[in-house]
Amino acid sequence: MANPTVAEQLVDLMVQAGVRRIYGVVGDSLNPITDAVRRRSDIEWVQVRHEEVAAFAAGAEAQITGRLTACAGSCGPGNLHLINGLFDAHRSMAPVVAIAAHIPSEDIGTAYFQETHPDRLFVECSHFSELVSSPEQMPQVAQIAIQTALGRSGVSVLSVPGDVAGMDVPRGRARLVPSSDTATMRPGDAEIDRLAELVDSAERVTLFCGRGTAEAHDEVMAFADRVLAPVGHALRGKEWIQYDNPFDVGMSGLLGYGAAYEAMHECDLLILLGTDFPYRPFLPDDVRIVQVDIRPENLGRRSRLDLGVCGDVGETLRCLTPRVRSRTDRRFLDRMLRKHADALENVVSAYTTDVERHKPIHPEYVASILDDEAAEDAIFTVDTGMCNVWAARYLSPNGRRRMIGSFTHGSMANAMPQAIGAQWPDRSRQVVAMAGDGGFSMLMGDFLTLVQYGLPVKTLLFNNSSLGMVDLEMLVAGLPPHATAYPDSDYAAIARASGAHGIRVDDPKQVRDGVRELLDHDGPALLDVVTDPNALSIPPRITGQQLTGFALATSKMVLQGGVGRMVQLARSNLRNIPRP
Ligand SMILES: Cc1ncc(C[n+]2csc(CCOP(=O)(O)OP(=O)(O)O)c2C)c(N)n1
Ligand SMILES: [Mg+2]
């Protein structure tokens, strides 16, 4: 049998490691790879329109399936387009191998046509980024890329010049079988003992949970039950922690709600579980803090710690719970639960009562109807922007639903691309992209990919003809909104012209039927909901500085003659400002 080429061996190793498809756009320098894929039946090429979409889709597929996924771009601009999606995948800890095809090896360094240096470019968004300059590096370099992506949960990039990809791998090279096993990490006994002492010496314990509590719902609940601790979460912890949680006090952060902030500040021991929550002003500095995280570099990154414990959250809690004393005093927990309920009454329900008549349609109303109508095992992908707020506040996790977004990297235009990757492995599962009009139009070309492959993704477009989140940020910063408005576009018509089902709704009475029609459609569909651009959301903790900024922007807008809009704004926001 002839020796395999570099491309063939790379593709073979990826298949062995669980890769089922490569998202990408073809190109001359990628030909050996694309051709190696074409000749196999156990891996396919998914032909997207923009490489950024390829990377978002690969990242999403990995986050949904837990398996290694892949994307590819041709040399120079082709793989450069991957970069933002790869940053997102990497920061979301999604195991993705990216193939960056490169210019002919003999021309590297000569400022050749399309020349970039992908092995350098991708260093910041990967655990491993190497140039394959000779077939002798195979299969080790591919093995390391795959192992690193899986073992460290993130991106690996192989930069492969087209000519090298087509070369034969030298005779006598053994094929390595990559392992996708992930080990669990348990802290040492001494750490567990110190942690148990801290817990037992505290009067009021609060838990704050992030994405690291995935698969640890039962352990978190058992521990909270033993020490009677309120449990708050960050956005990435929501899907794992909020459901079946009698200790729930909501979410903290810019988009937060409920009493998580109070519970974190009024306890005397805060335990951060699997969270790299970035907003330091929301963390207390006068209580004892313990952090448990599988990544040692995360410990103490955001706050002063009394103890940092390196370990898997589930494992750590399984060891810890039986070692701490069981409590009966519920006073702190109950006080926080009441605060939480009051806060929800005042804030979260404000927009869903009496909004059936509110025109333009209130986006929170749309989100609450989506929550009602969506399947019990739906996957929601959520665009960066106000959709984050609507999803955080209105989607109800249940342990079977999934919610992914660009929650760490914060890129726009993620929802529809991520929906492609979330939908691909299982076409029978409901996948809903909650998109902003700004985000959707940014990578709109790949709506055609949904049509091309008949992928039944449901795009629910919150069309406020504005970069709404930035409108809010400008107001809070004391600036009048500028360069945030878009002319009204009929995205349903665009969807229909693309060959998908398109529905447009501008009356609140049509929202429920519109959402049902969207979800029931057998194929790609888009619901364009004309929503209120003034539906701004105020974070539960507003600093004095932010308030001043808000007042300043208000007065600037009034001075510009925008009184009408300000009145609407004030009315919208009044209902959302938390009562003391
Ligand atoms: C790629 C990228 N560009 C710019 C931003 C800054 N940004 C954050 S949210 C946002 C507006 C999003 O607008 P849209 O998608 O319409 O959602 P809306 O907030 O109006 O619901 C912008 C410009 C970003 N996060 N990512
Ligand atoms: Mg918008």
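Residues numbered from 1 in each chain as written. Chains lettered and ligands numbered in written order. Predicted model: local features only at pLDDT ≥ 70, side-chain atom pairs only at ≥ 80, totals over all residues. Heavy atoms only, no water.

Another aspect to go through is the sheet that holds strand β13 (residues 307-310). Strand order in the open sheet made by the seven strands is β10-β9-β8-β7-β11-β12-β13, with mixed pairing throughout. One side of each edge strand has no neighbouring strand; the edge strands of this open sheet are β10 (257-258) and β13. Of the pairings in the sheet, the one linking strand β7 (residues 205-209) to strand β8 (residues 231-233) comprises three bridges and is parallel in character. Bridge assignment links F208 to a residue of β8, and that residue is G232. The sheet contacts of helix α10 (residues 217-227) involve β7, β8 and β11 (269-273), and relative to β7 the element is tilted by about 165°. (Pairing = 2+ DSSP bridges. Helix = DSSP H or I, 4+ residues; strand = E, 2+ residues; numbered from the N terminus. Contact = heavy atoms within 4.5 Å. Axes fitted to C-alpha atoms, helices over the stretch in contact; angles between N-to-C directions.)

Quick look at the packing of aromatic side chains now. Each aromatic ring pair is described using two quantities: the centre-to-centre distance and the angle formed by the ring planes. This model, assessed by the stated rule, comprises nine aromatic pairs. A ring pair is formed by Y279 and F282, whose centres lie 6.2 Å apart and whose planes are at 70°; its orientation type is edge-to-face. With centroids separated by 4.7 Å and ring planes inclined at 70°, the aromatic side chains of W424 and Y453 adopt a geometry described as edge-to-face. Of this pair, W424 sits in the loop between α17 (415-423) and β16 (431-436) while Y453 is found in helix α19 (residues 447-453), placing the two residues 29 residues apart along the sequence. W424 gets classed as buried once you look at its relative accessible area, which sits at 7%. Looking at Y453, the relative accessible area reads 22%, which means it is partly exposed. Clustering of aromatic rings is evident, with ring pairs tying together F208, Y261, F277, Y279 and F282. A cation over an aromatic ring shows up here: R427 above the ring of W424, its NZ or CZ 5.5 Å from the ring centre. (Phe/Tyr/Trp six-rings, centres within 6.5 Å; stacked < 30°, edge-to-face > 60°. Buried < 20%, exposed > 50% of the residue type's maximum accessible area, 1.4 Å probe, protein only. Lys NZ or Arg CZ within 6 Å of the ring centre and 35° of its normal.)

Structural measurements only, silent on function.
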